[in-house]
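# Working through the structure, step by step
For reference, the chains in residue letters:
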Amino acid sequence: KQEVTQIPAALSVPEGENLVLNCSFTDSAIYNLQWFRQDPGKGLTSLLLIQSSQREQTSGRLNASLDKSSGRSTLYIAASQPGDSATYLCAVRRFDDMRFGAGTRLTVKP
Amino acid sequence: DTEVTQTPKHLVMGMTNKKSLKCEQHMGHRAMYWYKQKAKKPPELMFVYSYEKLSINESVPSRFSPECPNSSLLNLHLHALQPEDSALYLCASSPPALNYGYTFGSGTRLTVV
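What this report covers is the structure whose coordinates are included nearby. (Residues numbered from 1 in each chain as written. Chains lettered and ligands numbered in written order. Predicted model: local features only at pLDDT ≥ 70, side-chain atom pairs only at ≥ 80, totals over all residues. Heavy atoms only, no water.)

Once that is clear, we can look at the side chain of Gln34 of chain A. Within the secondary structure, Gln34 of chain A is located in strand 4 (residues 32–38). Accessibility expressed as a relative area gives 2% for Gln34 of chain A, which makes it buried. Leaving out residues up to four positions away in the same chain, Gln34 of chain A has contacts with Ser46, Leu48, Leu49, Leu89, Cys90, Ala91 and Met98 of chain A together with Gly101 and Tyr102 of chain B. (Helix = DSSP H or I, 4+ residues; strand = E, 2+ residues; numbered from the N terminus. Buried < 20%, exposed > 50% of the residue type's maximum accessible area, 1.4 Å probe, protein only. Contact = heavy atoms within 4.5 Å.)

Looking now at the pairing of strand 9 (residues 87–94) of chain B. Along any regular strand the residues' side chains alternate between the sheet's two faces. Residues and elements named next belong to chain B. Counting buried positions along strand 9 yields eight of eight residues, so the element is predominantly enclosed. Taking every second residue as pointing to the same face, both faces of strand 9 are buried, with Ala87, Tyr89, Cys91 and Ser93 on one and Leu88, Leu90, Ala92 and Ser94 on the other. One ladder, built from seven bridges, connects strand 4 (residues 31–37) with strand 9; its direction is antiparallel. Across the sheet, residue Tyr35 finds its bridge partner in strand 9, namely Leu90. Relative to strand 10 (residues 103–104), strand 9 is paired through two bridges, and the arrangement is antiparallel. Following the sheet pairing, Ala92 is matched in strand 10 by Phe104. (Pairing = 2+ DSSP bridges.)

This part is about the pairing of strand 5 (residues 44–51) of chain A. Residue and element names in this part refer to chain A. For strand 4 and strand 5, the ladder comprises seven bridges, and the chain directions are antiparallel. Looking at strand 5, one finds that Asn32 is bridged to Gln51. The turn joining strand 4 and strand 5, which pair antiparallel and follow one another in sequence, is formed by five residues; a positive phi near 70° is taken by Gly41.

What follows is about the sheet that holds strand 1 (residues 4–7) of chain A. Across a sheet, strands are paired by hydrogen bonds formed along the backbone, either parallel or antiparallel in direction. All names here are of chain A. The strand order across the open sheet formed by five strands is 1-3-8-7-6, and the pairing between neighbours is antiparallel. The two strands at the open ends of the sheet, each matched to only one other strand, are strand 1 and strand 6 (56–59). For this sheet, the mean inter-axis angle between neighbouring strands, taken without regard to orientation, is 15°. With six bridges joining them, strand 3 (residues 19–25) and strand 8 (residues 72–77) adopt antiparallel strand pairing. When the sheet's bridge partners are listed, Leu21 is paired in strand 8 with Leu75. (Axes fitted to C-alpha atoms, helices over the stretch in contact; angles between N-to-C directions.)

In this section: the environment of Tyr49 of chain B. Residues and elements named next belong to chain B. Mapped onto the elements of the fold, Tyr49 is located in strand 5 (residues 44–50). Taking the C-alpha atoms as reference points, Tyr49 and Tyr33, 16 residues apart in sequence, are found 6.3 Å from one another. The contact partners of Tyr49, leaving out residues within four places of it in the chain, are Arg30, Ala31, Met32, Leu54, Ser55, Pro66, Glu67, Cys68 and Leu74. Only 3.3 Å separates the side chain of Tyr49 from the backbone oxygen of Pro66, close enough to count as a polar contact. (Polar contact = N/O pair within 3.5 Å; in protein donor to acceptor, adjacent residues only side chain to side chain.)

This is the structure in structure tokens:
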């Protein structure tokens, strides 16, 4: 069964810092990996989708990389802002089964 | 329309009540999903519908009963729930091709009293 782990569980940084969130998964036979953002009590907002054949995807200040063979992905956030404060979840998909990590709770202090 | 719409946003129900959660999308997605999320935990898969047929049931108790009346609508019927069933219930959809990502709704916050 696929296990997804995210490190760190929580992160607090001052505004303006660049930061990296980590995601690892045990079964490399995936179709894609998706990074989500979740605000407290809200639904999931998709940030980036990386196909299994891709190495990275970029959207604005966000860059996600994927190393499928080693079962790792990173989400890089440049020039963090207080509005980036949220929980970030990675999820891996195989067939119609998407499995989530427990998330990294990010706080960006003004 | 690029959204998954879930109603109601909040629901409080007694343990003897019967209620339903509704999920709707008009993106032509042919797979729809129910997830359950407890506080500070990741979403856990409950059910998957593919082309309006139930394809995955993750050993969910029978007090949760899914229904997919058509390709745009997914319901979750609730009956005789327990307080531990209180959670955020998330609906998602995806296109039929497996290389696409999921689109999630904003969820229904369910409280069982």
